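Residue-level listing of the chains:
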Amino acid sequence: MSQLLTITDLSVSAEDKPLLHGVSLNIEHGSTHVLMGHNGAGKSTLGLAIMGSPEYTVTGGKIEFDGADITNESAYERAKRGIFLSFQNPVEIPGITLSEFLRNSLEQISGKHMKLWDFKKMLKAAMELLNMDSSYADRDLNVGFSGGEKKKAEILQLLMLEPKLAILDETDSGLDVDAVKTVSQGINEYKSRTGGSLLIITHNTKILESLAVDKTHILSAGKIVSEGGAELVYDVIENGFDRYNSKE
Ligand code: ADP
Ligand code: MG
């Protein structure tokens with residue numbers, strides 16, 4: 001499989017505090033990767049750095065996506081290239097409905113106008129797949145949504161935007177078993193429909209049960225300390241992270 005994302009020796013700081021130290025990680029086209037590690041290991045930082053969040057400064061190394069060096073590109077440019085990040089804590093945006101937000105994002109990213117009728121049809125199908133009540137489309141984005149509904153709204157974006165790489169930051173945390181099942185169905189639909197790649201940040205095996213994991217990476221104190229196949233996920237769940245801890 002050819003490379004989609006190539007991270008080489010990446011170091012990242014925020015507020016002059018070094019958070020990632022020489023991280024290298026490759027994601028092939030059409031593959032599903034899992035990123036695990038203690039709270040505070042730097043998982044969200046890595047996701048945000050790949051997305052190009054302005055809060056984080058790259059102090060060394062590079063990020064290449066689909067053959068282009070994107071290390072210095074804005075988050076908007078990266079989104080247009082097909083990188084998507086679902087936030088650990090999705091933001092509430094009063095005054096913009098979920099439907100308006102999605103249509104706007106789609107048009108911004110594709111650079112094309114979309115007919116309202118086509119958009120509505122697409123939205124309805126995606127919402128049905130996620131067992132979302134259609135009334136959510138006309139509610140303000142995430143305002144008054146439960147934790148589970150916010151996470152479903154993130155997966156809805158994934159299905160609508162069809163990125164090349166989806167980074168899902170603890171999209172499964174705080175979800176009940178049925179919601180986890182629905183979310184993994186949504187992820188599988190994304191994979192089969194688009195052939196896209198995934199970087200799933202999680203603490204649970206539940207979401208991984210119905211997904212075929214190709215590779216697992218363990219992050220500790222801002223460094224990749226172990227890599228392996230799907231079996232590594234279960235090893236971590238059984239034995240914990242401690243023996244992978246970075247020596248620093
Ligand atoms: P994880 O997602 O693995 O739990 P994070 O990436 O959120 O970990 O955080 C890693 C470390 O970086 C933590 O110590 C956190 O406090 C710190 N950190 C994250 N973002 C910032 C920021 N914007 N400014 C300063 N420190 C940050
Ligand atoms: Mg995090």
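Rules behind the numbers
Residues numbered from 1 in each chain as written. Chains lettered and ligands numbered in written order. Predicted model: local features only at pLDDT ≥ 70, side-chain atom pairs only at ≥ 80, totals over all residues. Heavy atoms only, no water. Near = heavy atom within 4 Å. Polar contact = N/O pair within 3.5 Å; in protein donor to acceptor, adjacent residues only side chain to side chain. Areas by Shrake-Rupley, 256 points an atom, 1.4 Å probe, with all protein chains shown as cover. Helix = DSSP H or I, 4+ residues; strand = E, 2+ residues; numbered from the N terminus. Nonpolar A, V, L, I, M, F, W, Y, C, P; charged D, E, K, R; others polar. Core = buried A, V, L, I, M, F, W, Y, C linked by side-chain atoms within 4.5 Å. Buried < 20%, exposed > 50% of the residue type's maximum accessible area, 1.4 Å probe, protein only. Contact = heavy atoms within 4.5 Å.

Caption draft 1: Spotlight on the site of ligand 1. Lining the immediate environment of ligand 1, one finds 14 residues, of which G40, K43, T45, E55 and Y56 sit closest. Between ligand 1 and the protein, one listed contact pairs an oxygen atom with a side-chain N or O atom of K43 at 2.8 Å. Within the contact set of ligand 1, an oxygen atom lies 2.9 Å away from a backbone nitrogen or oxygen of S44. Here ligand 1, which alone exposes 560 Å², has 71% of that area covered by the protein. Of all the elements in the fold, those that place two or more residues in the shell around ligand 1 are strand 2 (17–28) and helix 1 (43–51). No other element matches helix 1, which puts three residues into the shell around ligand 1. Residues of the shell around ligand 1, tallied by class, amount to four nonpolar, six polar and four charged.

Caption draft 2: Spotlight on the nonpolar core. Among the nonpolar cores identified, the biggest contains 44 residues, and L98, L123, M132, L156, M160, L168 and I187 are the most heavily contacted of them. Secondary-structure elements contributing two or more residues to this core are strand 3 (32–36), helix 3 (98–110), helix 4 (116–129), helix 5 (147–161), strand 9 (165–169), helix 6 (177–194), strand 10 (197–201) and helix 7 (231–239). The leading source of residues in this core is helix 5, at seven residues. Apart from the residues within four sequence positions on either side, L98 is in contact with M132, Y136, A137, R139, D140, L141, F145, A153 and L156.

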